[in-house]
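# Close look at the chain arrangement
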Amino acid sequence: MIDTTTKWKPELYNEKHSFVYQYGESLIKLLDPKGNQRILDLGCGSGQLTSKINEFAKETIGIDKSVEMIADAKSKFPEIEFQVMDASNFLFNEKFDSIFSNATLHWVKDFRNAIKCMYENLNSNGKIVLEFGGKGNVQTIVNELRNALRLRGYENQSNLDLWYFPSIGDYCTELESAGFRVLSAEHYDRPTELADEESGIKDWISMFAESFFVGVLEKHIEEIKNEVQELIKDKCLINNKWYADYKRIRIVAVKEENVC
Ligand code: BEZ
């Protein structure tokens, strides 16, 4: 079986993809962490947002599935607790007042268990504040990537289903079925400026979509990345800056128990 597990590279992430946590800072305002609260950062990456939340909360714990990212987080913020854990399979002895998650849940294909875990690890009336890719996210990049693979005969790679990008209706329905009350939900366009002016789209593919190239001949990989970047120039190169066509889902919901 082909191993399509994404291998996270903390240096590349911090150097060229810091927008991931920079955008997350506005989400912390919605979280509104308080000095008496215990908060979970679900999919904490290298811990930058966990550390910001921790400035206001009583206790903050960060979890992430990537061993490399958790090692990086621990080295940067040794005063904070970080653990390697799967977003769809986690359990703590003590529950949380809020769960925060930025740019993670689109990686979690087992979304029902992720929602169940969030519910079970929250106190009554506890809050979730989530942002992740919604329906149509990065479709300009990924459609061209799939086409370029298919044209060269890589049918399996072109059909790879790496992410979960739900519609707002679908995701809110899932939350409600699990017992959450949705306070606010948005599905908005957020074109995201990429760091490198030369190779912005190619770098994005290398960081986040490298799994599409498992089993692809070396000589085709660079060729495909160049082709995709060239073909989406009209849509994604604006005033000499590259943008990824992000569409975000942003949700605030609370855990309700014993609703009649
Ligand atoms: C996102 O943040 O929307 C995203 C990141 C990597 C891959 C796919 C989507």
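Here, every reference points to the structure presented above.
These lines cover the structure that appears in this document, whether it is placed above or below. (Residues numbered from 1 in each chain as written. Predicted model: local features only at pLDDT ≥ 70, side-chain atom pairs only at ≥ 80, totals over all residues. Heavy atoms only, no water.)

### Quick word on the packing of helix α9 (residues 200–208) against helix α10 (residues 218–231)
For clarity, the cut-off: Only the stretch in contact is used when fitting a helix axis, every axis being a line fitted to C-alpha atoms; angles between N-to-C directions are given from 0 to 180 degrees. Helix and strand assignments come from DSSP, with helices taken as H or I runs of at least 4 residues and strands as E runs of at least 2, each series counted from the N terminus. Orientation labels follow simple angle bins: below 35 degrees gives roughly parallel, above 145 gives roughly antiparallel, 65 to 115 gives roughly perpendicular, and whatever is left gives oblique. Should the near helix be turned anticlockwise from the far one by less than a right angle, the crossing is left-handed, and should it be turned clockwise, the crossing is right-handed. What makes two residues a contact is simply this: any of their non-hydrogen atoms within 4.5 Å. Residue type decides the class: Asp, Glu, Lys and Arg count as charged, Ala, Val, Leu, Ile, Met, Phe, Trp, Tyr, Cys and Pro as nonpolar, and the leftover types, Gly among them, as polar.
Relative to each other, α9 and α10 sit at 130°, their axes nearing to 8 Å. Judged by the inter-axis angle, α9 sits oblique to α10. Crossing of α9 over α10 shows right-handed handedness. Touching G200, I201, K202, I205 and S206 of α9 are E222, K225, N226, V228 and Q229, all from α10. Within the contact of α9 with α10, the residues separate by chemical class into 3 nonpolar, 4 polar and 3 charged.

### Overview of the environment of N156
Tracing the sequence through the fold places N156 in helix α7 (residues 155–158). When the C-alpha atoms of N156 and R112 are compared, they prove to be 26 Å apart, with 44 residues separating the residues in sequence.

### Some thoughts on the pairing of strand β3 (residues 81–84)
Threshold: Strands were regarded as paired on the criterion that DSSP finds at least two bridges between them. A crossover counts as right-handed when, viewed with the strands pointing away from the observer, the path leading from the first strand over the helix to the second turns clockwise.
For strand β2 (residues 59–64) and β3, the ladder comprises 4 bridges, and the chain directions are parallel. Bridge pairing in β3 places D64 opposite V84. This β-α-β element, β2 to helix α4 (residues 67–76) to β3, shows right-handed connectivity.

### Some remarks on the pairing of β2
Quick reminder of the rule: Only protein chains enter the accessibility calculation, which uses a 1.4 Å probe. A residue is then buried if its area is under 20% of the maximum for its type, exposed if over 50%, and partly exposed in between.
Buried residues dominate β2, accounting for 5 of its 6 residues. Where strand β1 (residues 38–42) lies against β2, 5 bridges are found, and the strand directions are parallel. Residue pairing for β2: L40 is matched across the bridge by I61. In this region the chain leaves β1, passes through helix α3 (residues 48–54) and returns to the parallel neighbour β2; the handedness of that crossover is right-handed.

### A short note on helix α6 (residues 139–151)
Operational definition: Take the residue count of a helix, subtract one, and multiply by 1.5 Å to get its expected span.
The end-to-end C-alpha distance of α6 is 18 Å, a good match for the 18 Å that 13 residues give at a rise of 1.5 Å each. Listing the buried residues of α6 in full gives T140, I141, V142, L145, A148 and L149. Next to the buried residues of α6 lie α7, α9, α10, α11 (233–236) and β8 (241–255). Positioned one or two residues after α6, G153 has a phi angle of 90°, which is positive.

### Some words on the site of the ligand
Put simply, the rule reads: We call a residue near a given molecule or strand whenever any one of its heavy atoms falls within 4 Å of it. Side-chain atoms alone can form a polar contact between residues adjacent in sequence; in general such a contact is a pair of N or O atoms within 3.5 Å, and within protein one must be able to donate a hydrogen while the other accepts it.
Looking at the ligand, the residues that line it are H106, W107, N137, W163, F165, W204, F208, Y246 and R248. H106 places a polar side-chain atom, nitrogen or oxygen, 3.5 Å from an oxygen atom of the ligand. In the model, an oxygen atom of the ligand is placed 2.7 Å from a nitrogen or oxygen of the N137 side chain. Going through the elements one at a time, α9 and β8 are the ones with two or more residues in the shell around the ligand.

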